[in-house]
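Structural overview for review
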Amino acid sequence: MATGRPSLAAGLHLRQEQKAQPRLYQAMDLLHMPLLDLQGHLRQALVDNPFLELVEPGEEPDDGDDLRDALSEDPEDGPADEAEEVDWEDVLLDDFDAGGPPEEYGDREYYAPAAVATRSLWDHLHEQLNLLRLGERELRIGEEIIGNVDRDGFLSCSLDRIVEALEGRRDERREDPPDAAGAVSREAVEEMLARIQSFEPSGVAARDLRETLLLQLRDRGREASLAWRIVDGHFDDLANRRWPELADEFGITPREVQTAADEIAKLDPKPGLRYADASESYVIPDLTVEKVERRYRVSHADTSLPRLKLSPVYRDMAADRARFQGENKAFISERLNSARWLIQAIEQRRQTMLRVMDFIVERQHEFFEKGVEHLRPLTLRDVAKHIEMHESTVSRVTNGKYVQTPRGLYPLKFFFSGGYSTHAGEDVSSEGVRARIRKLVAEEDPTAPLSDHEITARLQKTGVRIARRTVAKYRDQLGILAARLRRRV
């Protein structure tokens, strides 16, 4: 009669999976790391593990198999060492999810590099405020206004809210004399706002787009210009590019209106962004694709990556098993296994990335030869099936990685997208279709821009089966205006 109790074999199997997970998580982490993070990780490993050393230029590291064999002969060390080994066949060729979400594994041992401190927009505004000879009340008003300027350079709240905030803080300062700073009026806030709006960058602290454009035109001495009059009194017509209506209003030709609109287009719609903190790191490619004798060759761009080897001194010390007993022996064995595992894992990561990129180059050969318009559809599943690895492994290998190609620097994810079939039976990727739309718009007659329907018809003539609504969606993604807004006179 069945008891419903788990078998002994099943219990052993569960314990083995739990034992192997720490190394499995580390393997996933190493595959996921971009080059800069991996550099920091390896440098820290050199500090933490005395069995690791840097490989000198021109030196070939010894893999230390003889030492591993010698240590594994000891029955006390054998089981522990075996438990720490990772079967790369299982890790890379089988399911790589380890029973949990793909990106939630272990505590990361690497961190994004800190950005170099730069002067922010608010630092720049405070510096200019402090150059003015202001009383205590005016200084408080100025600081409150600057504190409510957003990163785009716009005032993010109403003047009434600023007055309320200043009055609320004044009421809290009961210990001050009643007339120490004086009451804050809306007129005083408006006066200080006007002074701040004269600061650099031009157009800062405006309350909307119209005001920032007027401030920038004022700073350029264009208050009597047609551009000023259009922004000041006919901003809605400008936004909708109603050139004929504006021409009738001012008694001029549509071409003159368009010339004024071109002047306005050169102004900065977000003046504060020039002082935005550039916190993003420099992109360093992990791989390189070069054309050598009419063939594309993939190589690693990790020349700055530390190459590791086992330290001969510590290897010889560990080989003398009689010198160590108990905890000391277990510590030496653990550090040695950890060092050997890391060296093996880094090499496996390199080979996996090369295999993935080799297939991408093979599949996207037309892109490398002719450009983005010839990018073919490609999925993670396609790559995983070809190189006989799990799809999640390919996802980790490609995530956050970049490749330097003869056509520029691209994230590996760029080469993956869905696509469309042509009437000729060929495939074209979504990115390729977007590139074709961009090219059609760039080559159109500006006095008669192509509508979405016309773009769809032209794409269909080349064999691309696509709907008009999809063309409209791709056009929006590319930041291309509708036809009526692109028309010039």
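See above for the structure.
Everything in this summary refers to the structure shown in the same document. As the structure is a computational prediction, the values presented were derived from the model and not from experiment.

With that settled, consider the pattern of salt bridges. For the coordinates displayed, the defined rule picks out 20 salt bridges. With its nearest N and O atoms 2.7 Å apart, the salt bridge here joins Arg242 to Asp237. Of the charged contacts in the structure, one is a salt bridge between Arg350 and Glu347, with a shortest N-O distance of 3.7 Å. Remark: Glu347 and Arg350 occur in helix H16 (residues 326-363); sequence separation between them is three residues, near one turn of the helix. Among the residues examined, Arg350 registers a relative accessible area of 26% and is labelled partly exposed. A relative accessible area of 38% places Glu347 in the partly exposed class.

Right, let's talk about the side chain of Arg436 for a bit. Assignment of secondary structure puts Arg436 in helix H20 (residues 430-442). Buried and unpaired, Arg436 has no salt bridge, with Glu373 as the nearest side chain of opposite charge at 4.6 Å. Leaving out residues up to four positions away in the same chain, Arg436 has contacts with Glu373, Val428, Leu459, Thr462 and Val464.

Attention now moves to the pairing of strand E3 (residues 295-300). Within a regular beta strand, the side chains point alternately toward one face of the sheet and then the other, so they alternate between its two faces. Burial of E3 is one-sided: the residues Tyr296, Val298 and His300 facing one way are buried, the residues Arg295, Arg297 and Ser299 facing the other way are not. As judged from the six bridges shared by strand E2 (residues 287-292) and E3, these two strands associate in the antiparallel manner. Considered in E3, the bridge of Thr288 is made with Ser299. Between E2 and E3, which pair antiparallel in sequence order, lie two residues; one of them, Glu293, sits at a positive phi of approximately 55°.

Moving on: the environment of Leu478. On the secondary structure map, Leu478 appears in the loop between helix H22 (468-477) and helix H23 (483-486). The class for Leu478 is partly exposed, based on a relative accessible area of 23%. Note: C-alpha distance between Leu478 and Arg434 (44 residues apart in sequence) is 7.6 Å.

Conventions adopted
Residues numbered from 1 in each chain as written. Predicted model: local features only at pLDDT ≥ 70, side-chain atom pairs only at ≥ 80, totals over all residues. Heavy atoms only, no water. Salt bridge = Lys/Arg side-chain N within 4 Å of Asp/Glu carboxyl O. Helix = DSSP H or I, 4+ residues; strand = E, 2+ residues; numbered from the N terminus. Buried < 20%, exposed > 50% of the residue type's maximum accessible area, 1.4 Å probe, protein only. Lys, Arg positive; Asp, Glu negative; His and termini not counted. Contact = heavy atoms within 4.5 Å. Pairing = 2+ DSSP bridges.

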